[in-house]
Amino acid sequence: MSANQAPGSRHGSAVITLPSDTEYEITRAFDAPAELVFEALTTPELVKRWWGFETFEWLVCDIDLRVAGRWRYVARERGMEVGFHGVYREIEPPHRLVTTEMYEGVPDPKPEDYAVNIVTLEEEDGVTTMTVLVEHATKETRDMVLASGMEGGMQVSYDRLEDLVRRAA
Amino acid sequence: MLVRADGRYRRYRVNASALEPIHEWVRGFERMWNERLDRLDDVLAELQEQENDP
């Protein structure tokens with residue numbers, strides 16, 4: 001161990017802010033070099049160990065790590081299949097990763113419906129601060145996603161998101 | 001925050017949306033992301049342990 005903090009001591013330290021009506025931003029520090037964090041964000045074997053929910057039974061974890069390459073995650077969660085996919089827009093290891101993202105429960109999404117995730121990794125003294133800025137097309141879809149952690153879980157909110165997108169279509 | 005020196009006074013303007021409190025309804029989402037990133041934290045710790053201790 002270096003001068004870093006004890007393992008697990010940063011648990012629960014992620015902070016969420018709302019920079020605008022259509023965005024949210026997550027900030028979290030890790031006692032690891034940026035290269036390693038970048039690897040954990042872009043390597044299927046590692047992504048499967050942390051992304052989504054602990055109860056995820058992974059079915060697909062495809063990462064085509066090149067600009068315009070596709071990513072797709074599908075998992076079974078409480079008996080239901082949930083899928084997400086998008087495209088890599090910018091890949092600048094180990095400091096920047098820009099992807100698009102869509103929940104697959106949304107019928108016939110248009111290109112402008114995709115959320116844009118801008119991941120920034122800044123390393124200082126062996127500590128990497130990760131910032132994930134997520135830009136949604138509308139305040140409504142952002143708020144649906146933000147509400148997804150409420151009681152009733154993801155399914156309820158995804159159903160609501162689906163209804164909302166249907167109504168908007 | 002913008003600061004403008006104006007004679008003897010200093011004017012401060014705060015970006016209100018940046019200070020918007022995270023309301024109760026976002027707490028569950030925040031918890032979900034914390035759990036997710038805590039798992040990432042554990043994965044990173046394990047990878048570094050393996051590197052240091054082959």
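These figures come from a predicted structure and were not determined experimentally.

Looking only at helices and strands, one finds one helix and two strands in chain B. Along chain B, from the amino end to the carboxyl end, the secondary structure elements read β-β-α. Residue burial in chain B is summarised as follows: out of 54 residues, 33% are buried. Carbon and sulfur atoms make up 48% of the accessible area of chain B, which amounts to about 4100 Å² in all.

All names here are of chain A. Inspection of every chain in the model, using the stated rule, returns 10 aromatic pairs over all chains. With a centroid separation of 6.3 Å and 55° between ring planes, the pair formed by W51 and W58 is classed as tilted. In this structure, W51 and W58 share a single accessibility class: buried. Seen from their ring centres, W51 and F84 are 5.3 Å apart, and the 75° between their planes marks the pair as edge-to-face. On the criterion of sequence distance, the pair formed by W51 in the loop between α2 (44–50) and β3 (57–63) and F84 in strand β5 (residues 80–92) is long-range, its members being 33 residues apart. Residue W51 shares its accessibility class with F84, and that shared class is buried.

Next up on the list: the interface of chain A and chain B. The interface is formed by 38 residues belonging to chain A together with 24 residues belonging to chain B. For the pair chain A and chain B, the two sides together bury roughly 3100 Å², of which 64% comes from carbon and sulfur. Per-residue buried area on chain A facing chain B is highest for I16(A), R49(A) and W50(A); these three make up 21% of the total on that side. Where chain A touches chain B, the interface holds three salt bridges. As a salt-bridge pair, R49(A) and E46(B) come within 2.9 Å of each other at their nearest N and O atoms. Here chain A is connected to chain B by 13 residue pairs in polar contact (both at pLDDT 80 or more). When residues of the side of chain A that touches chain B are traced back to their parent elements, those giving at least two are β1 (15–17), β2 (23–30), α1 (34–42), α2 and α3 (139–146) of chain A. In terms of residue class, the side of chain A that touches chain B is made up of 24 nonpolar, eight polar and six charged.

Turning our attention to the confidence of the model for chain A. Residue and element names in this part refer to chain A. Chain-level statistics for chain A give a pLDDT mean of 88 and a share of 85% at 70 or above. Least confident of the elements in chain A is helix α4 (residues 153–168), whose mean pLDDT is 55; most confident is strand β7 (residues 115–124), at 98. Throughout residues 151–157 the model reports pLDDT below 50, and contacts reaching past four residues in sequence, or to other chains, amount to seven contacts.

Looking now at the pairing of β5(A). Residues and elements named next belong to chain A. Looking at chain direction, strand β4 (residues 70–77) and β5 are connected through eight bridges and run antiparallel. Looking at β5, one finds that R72 is bridged to H85. In this structure, the hairpin formed by β4 and β5 is closed by a connection of two residues, where R78 is found at a positive phi of approximately 50°. Here six bridges tie β5 to strand β6 (residues 96–103), and the two strands are oriented antiparallel to one another. Bridging across to β6, H85 finds its partner in M102.

Rules of the game
Residues numbered from 1 in each chain as written. Chains lettered and ligands numbered in written order. Predicted model: local features only at pLDDT ≥ 70, side-chain atom pairs only at ≥ 80, totals over all residues. Heavy atoms only, no water. Helix = DSSP H or I, 4+ residues; strand = E, 2+ residues; numbered from the N terminus. Buried < 20%, exposed > 50% of the residue type's maximum accessible area, 1.4 Å probe, protein only. Areas by Shrake-Rupley, 256 points an atom, 1.4 Å probe, with all protein chains shown as cover. Phe/Tyr/Trp six-rings, centres within 6.5 Å; stacked < 30°, edge-to-face > 60°. Contact = heavy atoms within 4.5 Å. Buried area = accessible area lost by both parts, 1.4 Å probe. Salt bridge = Lys/Arg side-chain N within 4 Å of Asp/Glu carboxyl O. Polar contact = N/O pair within 3.5 Å; in protein donor to acceptor, adjacent residues only side chain to side chain. Nonpolar A, V, L, I, M, F, W, Y, C, P; charged D, E, K, R; others polar. pLDDT = per-residue confidence, 0-100. Pairing = 2+ DSSP bridges.

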